[in-house]
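An overview of the molecular structure
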Amino acid sequence: MGRTVAGALPKPLVIANAAGALSMAACAAGLANPGIGLPKEEPVTEGVRFYAKAYAARALPLGAVLLHQLVRGRGGPALPAVLLLAGAVQAGDAAIGARTRNPGMALGAGALALLHLETARRAVGGAR
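Residues numbered from 1 in each chain as written. Predicted model: local features only at pLDDT ≥ 70, side-chain atom pairs only at ≥ 80, totals over all residues. Heavy atoms only, no water.

1. Description of the overall build of the protein chain
Definition in use: Strands are runs of DSSP state E lasting at least 2 residues, helices are runs of H or I lasting at least 4, and numbering of each runs from the N terminus. In this scheme, a residue with accessible area under 20% of its type's maximum is buried, one over 50% is exposed, and one in between is partly exposed, where area comes from a 1.4 Å probe on protein chains only. Whether two residues touch is decided by their heavy atoms; if any such pair falls within 4.5 Å, the residues are in contact.
Scanning the protein chain for helices and strands turns up 6 helices and 0 strands. For the protein chain, the sequential pattern of α-helices and β-strands runs α-α-α-α-α-α. Relative to its 128 residues, the protein chain shows a buried fraction of 36%. Sequence separation of at least 24 residues holds for 65% of the intrachain contacts in the protein chain that already meet a minimum separation of 6.

2. Re the pattern of salt bridges
To keep it simple, the criterion reads: We define a salt bridge as a contact between a side-chain nitrogen of Lys or Arg and a carboxyl oxygen of Asp or Glu at a distance within 4 Å.
Within this structure, the stated rule accounts for 4 salt bridges. As a salt-bridge pair, Glu 46 and Arg 49 come within 3.3 Å of each other at their nearest N and O atoms. With Glu 46 and Arg 49 both in helix α4 (residues 46-71) and 3 residues apart, the pair spans about one turn of that helix. Look at Arg 49 and you get partly exposed, because its relative accessible area is 32%. When the shortest N-O distance is used, the salt bridge between Arg 121 and Glu 118 registers 2.6 Å. Placement of the pair is Arg 121 and Glu 118 together in helix α6 (residues 103-127), with a separation of 3 residues, close to one helical turn. It is possible to trace a salt-bridge network through shared partners that takes in Glu 118, Arg 121 and Arg 122.

3. What about the nonpolar core?
Just so we agree on the cut-off: What makes a nonpolar core is a set of buried Ala, Val, Leu, Ile, Met, Phe, Trp, Tyr and Cys residues whose side-chain atoms join them at distances within 4.5 Å.
Leu 9, Leu 66, Leu 70 and Leu 79 are the most contacted members of the largest nonpolar core, which has 22 residues in total. Secondary structure elements with two or more residues in this core: α2 (11-24), α4, α5 (79-99) and α6. Ranked by residue count, the leading element in this core is α4, at 6 residues. Dropping the residues within four chain positions of it, Leu 66 is found in contact with Asn 17, Ala 21, Leu 79, Val 82, Leu 83, Ala 86 and His 116.

4. Focus on the layout of surface pockets
Applicable threshold: Buriedness for pockets is judged along seven lines, at least five of which must meet protein on both sides within 12 Å for an open set on the 1 Å grid over protein atoms alone, while cavities are sets there where a 1.4 Å probe fits but cannot get out, and lining residues have an atom within 4 Å of a point. Grid points are joined across faces, edges and corners, and a volume is the space filled by probe spheres set on the points.
Here the largest pocket defines a volume of roughly 820 Å³. The wall of the largest pocket is formed by 26 residues, among which Gly 37, Tyr 51, Tyr 55, Asn 102 and Met 105 lie closest to the centre. For the lining of the largest pocket, the secondary-structure elements that each account for two or more residues are α2, α3 (27-32), α4, α5 and α6. With 5 residues, the single largest contributor to the lining of the largest pocket is α6.

5. Here's the deal with the environment of Gly 87
Relative to the helices and strands, Gly 87 resides in helix α5. Along the primary structure Gly 87 and Leu 115 are separated by 28 residues, whereas in three dimensions their C-alpha atoms are 7.5 Å apart.

6. Notes on the side chain of Thr 119
Inclusion rule: In protein, a polar contact means a hydrogen-donor-capable atom and an acceptor-capable atom, both N or O and within 3.5 Å, with residues adjacent in sequence counting only if both atoms are side-chain atoms; elsewhere, any N or O pair within 3.5 Å suffices.
Mapped onto the elements, Thr 119 comes out in helix α6. By relative accessible area, Thr 119 is classed as buried at 0%. Engagement of the side chain of Thr 119 in a polar contact is seen with the backbone oxygen of Leu 115, the distance being 2.7 Å. Beyond its immediate sequence surroundings of up to four residues, Thr 119 is in contact with Leu 9, Leu 13, Asn 17 and Leu 83.

Structure representation (structure tokens):
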């Protein structure tokens, strides 16, 4: 039996990516309180509630799959694809953060995008 791709990655990189996957679960706070990220004067509308639910619909499953692939080591050749998807999602979030002038979102999601994409690159290199 060969090593899984996750097993071939340096442990600190696996831990950093797992922490990034757990951060996707932060949307649970948005489900409980949809106005959590809004300025205090901003009303919580049906649109805001809808966005929180739509965000959770993609962030929770993606975070769970990425975390499973990293921690349980069952990713094998699928791990780079999951990391690429997570990186693309975070890059999109970073773009939204930049567009809406939300530096925390832009920088945090941008850093996670780079982390996931670089890890995918290393995972592919280690799988050869």
